[in-house]
Amino acid sequence: GCSTQQQQQQQQRPLTPPSPTAAASAGAGHWPDTPAAGDLLLPPGSQLSPAAPPGGGSAAGVSHGCELGAAHIRDCYLGPATYSCAAMAAGGAIDVAVAVARGQAPCGAAIIRPPGHHAEGGLAMGFCYFNNAAVAARAAQAAGAHRVVVLDWDVHHGNGSQAIFEDDPSVLYASLHRYDRGAFFPGSGHAEEVGCGPGVGCCVNVPWDGPGPGDADYLAAFSRVLLPILYEFAPHLIIVSAG
């Protein structure tokens, strides 16, 4: 083990920041190749609200995607640093996934914001700009983890993750979420949504109707439904997507 002095040195050593990897570099969850406005890819002529002056007592100005005429950005607010923050979050997820896939770490956690599982291949929505779990899965595959599970237990269904991987047999997407017969955002994630084409069977949805499910329900869902499927799929890496 490490001595106390070595442990203190390790704790004081600055952490390497995640690489600001744009999601497009991993082949999923990217925004369309539109002209840039500042650091954000937006339609020509779009203007972001200016940042608040220092000491102004308010956060940097933000604009809504619809106000900017950006059809590929729904219900998301944008500021001058949005793109760089979202790219940094995606880069953090990529760095952790690659480190685990290469055996450089036994496991890892990417504590990042903004979230990602609502972002589709060409659509930012639900406060999600890049699909962090999706780009992490693609990066892990490039690093040698050929079969990847994305396990999503956020209360909302990860419509973006499902849309990105629904025809891909190398990634199994599994989600437990509130559904309310399609009335709960985003309205997707019915149990009959099982993937398409060569990806049929690699999408597993456990939808709950109402806010009632508790620990026993989740334990039953894992033991009776998810774990048998995951064991049969035999993934090289499991990515837990918590929203």
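What counts, and at which threshold
Residues numbered from 1 in each chain as written. Predicted model: local features only at pLDDT ≥ 70, side-chain atom pairs only at ≥ 80, totals over all residues. Heavy atoms only, no water. Buried < 20%, exposed > 50% of the residue type's maximum accessible area, 1.4 Å probe, protein only. Helix = DSSP H or I, 4+ residues; strand = E, 2+ residues; numbered from the N terminus. Right-handed = clockwise from strand over helix to strand, strands pointing away. Pairing = 2+ DSSP bridges. Axes fitted to C-alpha atoms, helices over the stretch in contact; angles between N-to-C directions. Left-handed = near helix turned anticlockwise from the far one by under 90°. Contact = heavy atoms within 4.5 Å. Nonpolar A, V, L, I, M, F, W, Y, C, P; charged D, E, K, R; others polar. pLDDT = per-residue confidence, 0-100. Phe/Tyr/Trp six-rings, centres within 6.5 Å; stacked < 30°, edge-to-face > 60°. Polar contact = N/O pair within 3.5 Å; in protein donor to acceptor, adjacent residues only side chain to side chain.

Undergrad: Can you help me understand the pairing of strand β6 (residues 171-178) in this one?
TA: One face of the sheet, then the other: side chains in a regular strand alternate in exactly this way. Of all the eight residues making up β6, seven are buried; the element is thus mostly covered by neighbouring parts of the structure. Note on the crossover from strand β5 (residues 148-152) through helix α4 (residues 159-165) to β6: the handedness is right-handed. Across six bridges, the pairing between β6 and strand β7 (residues 203-208) is parallel. Bridge pairing links S175 to N205 in β7.

Undergrad: Is there a simple way to explain the packing of helix α2 (residues 82-101) against helix α3 (residues 132-142) in this structure?
TA: Relative placement of two packed helices is described by the angle separating their axes and the distance separating the axes. The contact between α2 and α3 brings their axes to 8 Å, and the two run at 35°. The hand of the α2/α3 crossing is right-handed. Of α3, the residues touching α2 (which contributes A86, A89, A90, A93, I94, A97, V98 and A101) are N132, V135, A136, A139 and A140. Of the residues that constitute the contact of α2 with α3, the class distribution is twelve nonpolar, one polar and no charged.

Undergrad: Would you mind showing me how to read the confidence of the model for the protein here?
TA: When pLDDT drops low, the exact placement of atoms in the prediction is not to be read closely. Taken as a whole, the protein shows an average pLDDT of 80; of its residues, 70% reach a score of 70 or greater. Long-range and interchain partners of residues 1-15, a stretch whose pLDDT sits below 50, account for three contacts in this model, where long-range means more than four residues apart.

Undergrad: Sorry if this is basic, but what is going on with the packing of aromatic side chains here?
TA: To describe a pair of aromatic rings, one takes the distance between the centres and the angle between the planes. Across all of its chains, the model carries two aromatic pairs by this definition. Geometrically, the ring pair formed by Y83 and F130 is edge-to-face, given 5.8 Å between the ring centres and 85° between the ring planes. Here Y83, found in helix α2, pairs with F130, found in the loop between α2 and α3; they are 47 residues apart in sequence, far enough to count as distant. Overall, F130 belongs to the buried group, its relative accessible area being 3%. Look at W208 and Y218: their rings are 5.3 Å apart centre to centre, the planes differ by 45°, and that puts the pair in the tilted class. Taken together, the positions of W208 in strand β7 and Y218 in helix α5 (residues 215-233) put the pair ten residues apart, joining distant regions of the chain.

Undergrad: Would you take a moment to explain unusual backbone geometry for this structure?
TA: Glycine aside, the phi torsion of most residues is negative, and most peptide linkages are trans. Here the amide bond leading from R113 into P114 is cis, since omega sits at 5°, within 30 degrees of zero. Turning to its location among the elements, P114 is positioned in the loop between α2 and α3. Each neighbour pair has its own omega, and for F185 with P186 the value is 0°, a cis peptide bond. Looking at the secondary structure, you find P186 in the loop between β6 and β7.

Undergrad: Sorry if this is basic, but what is going on with the side chain of D168 here?
TA: Along the polypeptide, D168 turns up in the loop between α4 and β6. Only 2.8 Å separates the side chain of D168 from the side chain of R138, close enough to count as a polar contact. Side-chain polar atoms of D168 contact the side chain of S170, separated by 2.6 Å.

Undergrad: Please explain α3 as it appears in this structure.
TA: In an α-helix, one turn spans 3.6 residues; hence positions three or four apart end up facing the same way. Burial within α3 is extensive, with nine of its eleven residues counted as buried. Inspection of α3 places N132, A133, A134, V135, A136, A137, A139, A140 and Q141 among the buried residues, and these make up the whole buried set. Looking one or two residues beyond α3, the residue adopting positive phi is G144, at roughly 120°.

Undergrad: Mind showing me how you'd approach the sheet that holds β5 here?
TA: Think of a sheet as strands paired side by side through backbone hydrogen bonds, with each pair either parallel or antiparallel. In space, the four strands of this open sheet follow the order β7-β6-β5-β8, with parallel pairing throughout. At either margin of the open sheet sits one strand with a lone partner, and together these are β7 and β8 (237-241). Sheet twist, expressed as the mean angle between neighbouring strand axes with direction ignored, is 10°. In this sheet, β8 lies alongside β5 in parallel orientation, the contact comprising five bridges. Residue pairing for β8: L151 is matched across the bridge by V240. Across the face of the sheet, α3 comes into contact with β5, β6 and β8 while running at roughly 170° to β8.

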